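Examining the three-dimensional arrangement
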Amino acid sequence: MSDSSIVLSLPDQPREFGFFVDGSWSPIESREVFERFSPGHGVPVTRIPKCTDADLDAAVNAARKAFDDRRWSGLSGADRAAVLLKAAEGVRTRAEEIAYWETLENGKPISQARAEVGGCVGMFEYASGLARSLHGDSFNNLGDGMFGVVTREPVGVVGVITPWNFPFLILCERIPYILAAGCTIVAKPSEVTSATTLILAEILHDAGLPAGVLNVVTGSGSTIGQGLIEHEQVDMLSFTGSTAVGRRVVEASGKSNFKKLGLELGGKNPQIVFADADLEDAADGVAFGIGFNTGQCCVSGSRLIVERTVAEKFASMVAEKFRKVRVGDPLDERTQVGAITTDAQNTTIMGYIEKGRAEGATLIHGGEQLDFGHGQYIAPTLFGNVTSEMTIAREEIFGPVLTVMPFDTLEEAVAIANDTEYGLAASVWTKNIDKALVVTRRVQAGRFWINTTLSGGPELPIGGFKQSGWGREAGIYGVEEYTQVKSVHIEIGKRTPWVA
Ligand code: TXE
């Protein structure tokens, strides 16, 4: 990109948002607020209301009523698709605004935020087609006296709890599909990145979504989040976040109404590089896989597992990419790696770097905070001499920290890759098709990349094996998650009497 790239300016004052229940905005005035400071600049950018338990109840009741009176589920798929297509257009029209607030609250580079919002347009367009094509099944093989039909029905009121790392993208990997299925929604974004969820509520309202079908409440996880997961009137809960809170969600479901759950939790994702790979391409992909979104990404490739014969050379190639990558002001269009989103996450990442050193790993690159005179930044970091027992090899760091472990055989590479409680994603780099396919089959992960990493789109499902979660989002699988099937037995002619 040229030096004439634009650095956008900060807002003069924080933007205030209300929250959205039953088709109306509730102003911030009478409520306590969260003031969000931009992690890239340290200045206040948004003010978001702290909803109360009564607000949450009102939102769930609105979603309940909207579901039960069939104002959305009773529409034809074509009518639901029309709203979703209008929403796609609304996201396209307001893309720059969404990207700007996403960058300010999250700290991600503006160019990346724009690309993510562009991808979200596709989510709405694709889900609109699914609203029309969703269907059940029929059984014409039950004998002359019986016909069987399986219908798909929306699950009901869905709670959607999202994290701060991809506030808009993660939301749009869920909302269009949930709406396509005919469900109604209460969304609770992360308390540090609520703005773009509220903008989406406005877009859907303008697109003609009936009142009560999407409600957004803002507040902390321990109050509003906990209230939502325990709520008796919520039929399903889609949670994306930490494994620790994921456990609470499972407990809350069991203690309340056994609501159905979709969980997308942590990852400790392997990048397996064979000596026969295009090493230049692989080094770039591996650097991207951990540098993208400052590694605050559930599918980050955080464990580099590389064939021993090229391990040293490959590690220096990755370090060279880290040296060149542009870290800095998220509002600068040239920036590739932005700020760390929260103070707590910054402390966590620096703690892991310290632990890596203390446990005997060798720091090859990075390891320090970068000082730009504003905000919080961490240099992309590479550790060598890592063993599988080290904390940095086992726990999700959720930062730009990559560990290198060598392997000698394919079996060993697979064993190291699977030596984790997680199973969210994995990548393999090789020019040998047999190796690529054997590794793809044996490594336990819900998303797999061959000679690429972190690609995605509305068609392919997202979700994890093992402790990375339950269920799938996106694609036809994503819509089906938000339905339940009913089997219908239809007698043809006369039943054989029970009592003669
Ligand atoms: O996540 P939380 P945090 C991981 C990552 C990170 C760690 C902590 O390792 O370092 O989690 O991040 C809501 N009931 N991931 O603390 O707390 C909360 O308000 C209901 C991985 O931010 O799990 C927010 O909306 N909801 C992950 C959402 O849960 C609750 C993405 C996520 O917050 C709640 C983010 C409760 N008791 C973090 N407590 C990924 N896999 O993408 C919190 N929340």
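Keep in mind that this is a model prediction, so the values were computed, not measured.

Moving on to the overall build of the protein chain. Check the secondary structure of the protein chain and you find 16 helices and 25 strands. Rg of the C-alpha trace for the protein chain: 24 Å, near the compact-globule value of 23 Å for 500 residues, within the 12% margin. Its C-alpha atoms put the protein chain at 80 × 60 × 45 Å along the principal axes. Counted over contacts in the protein chain with a minimum sequence separation of 6, partners at least 24 positions apart contribute 74%. Only carbon and sulfur atoms are counted for the fraction: they give 52% of the accessible area of the protein chain, which is about 20300 Å². Taken as two groups, the 46 positive and 62 negative side-chain charges of the protein chain have centres that lie 4 Å from each other.

The full set close to the ligand counts 25 residues, and Thr162, Trp164, Glu191, Ser242 and Leu265 are the nearest of them. With respect to the ligand, the side chain of Asn165 contributes an N or O atom lying 3.3 Å from an oxygen atom. The side chain of Lys188 places a nitrogen or oxygen atom 2.9 Å from an oxygen atom of the ligand. In isolation the ligand has 810 Å² of accessible area, and contact with the protein removes 85% of it.

Across a sheet, strands are paired by hydrogen bonds formed along the backbone, either parallel or antiparallel in direction. Strand order in the open sheet made by the three strands is β6-β7-β25, with antiparallel pairing throughout. In the strand order of this sheet, the two ends are held by β6 (137-139) and β25 (483-491), each with one partner. For this sheet the average axis-to-axis angle between neighbouring strands, irrespective of direction, equals 20°. Bridging between β6 and strand β7 (residues 146-154) involves three bridges; their strand directions are antiparallel. If you follow Ser138 over to β7, its bridge partner there is Val149.

Here we take up the sheet that holds strand β4 (residues 33-37). If you trace the three strands from one edge of the open sheet to the other, you get β1-β5-β4, paired in mixed fashion. A strand with exactly one partner marks an edge of an open sheet, and here the two such strands are β1 (15-16) and β4. Strand direction decides the pairing type here: β4 and strand β5 (residues 44-49), joined by five bridges, are antiparallel. Across the sheet, the residue bridging to Glu35 is Arg47, located in β5.

The subject of this paragraph is helix α9 (residues 243-255). For α9, spanning 13 residues, the distance from its first C-alpha to its last is 18 Å, which sits close to the expected 18 Å at 1.5 Å a residue. Where α9 is buried, its residues meet α8 (221-230), β11 (236-240), β12 (260-264) and β20 (422-423).

What follows covers the confidence of the model for the protein chain. Mean pLDDT for the protein chain: 97, with 99% of residues reaching 70 or above. Mean pLDDT across the elements of the protein chain bottoms out in strand β3 (residues 24-26) (95) and peaks in strand β9 (residues 184-188) (99).

Bringing empty space enclosed by the protein into the picture now. Any space left empty among the atoms is revealed by the rolling of a water-sized probe across them. Summed over all chains, the structure comprises five cavities of 30 Å³ or more. Taken as a whole, the largest cavity spans an internal volume of roughly 70 Å³. In terms of lining, the largest cavity is formed by 13 residues, of which the most central are Gly295, Ser300, Ser302, Glu396 and Phe398. Residue composition of the lining of the largest cavity, by class: six nonpolar, six polar and one charged.

What counts as what
Residues numbered from 1 in each chain as written. Predicted model: local features only at pLDDT ≥ 70, side-chain atom pairs only at ≥ 80, totals over all residues. Heavy atoms only, no water. Helix = DSSP H or I, 4+ residues; strand = E, 2+ residues; numbered from the N terminus. Rg over C-alpha atoms; globule rule 2.2 N^0.38 Å. Contact = heavy atoms within 4.5 Å. Areas by Shrake-Rupley, 256 points an atom, 1.4 Å probe, with all protein chains shown as cover. Lys, Arg positive; Asp, Glu negative; His and termini not counted. Charge placed at Lys NZ, Arg CZ, Asp CG, Glu CD. Near = heavy atom within 4 Å. Polar contact = N/O pair within 3.5 Å; in protein donor to acceptor, adjacent residues only side chain to side chain. Pairing = 2+ DSSP bridges. Axes fitted to C-alpha atoms, helices over the stretch in contact; angles between N-to-C directions. Expected span 1.5 Å × (residues − 1). pLDDT = per-residue confidence, 0-100. 1 Å grid on protein atoms, 1.4 Å probe; cavity = no way out; pocket = protein on both sides within 12 Å on 5 of 7 lines; lining within 4 Å. Points joined across faces, edges and corners; volume = space filled by probe spheres on them. Nonpolar A, V, L, I, M, F, W, Y, C, P; charged D, E, K, R; others polar.

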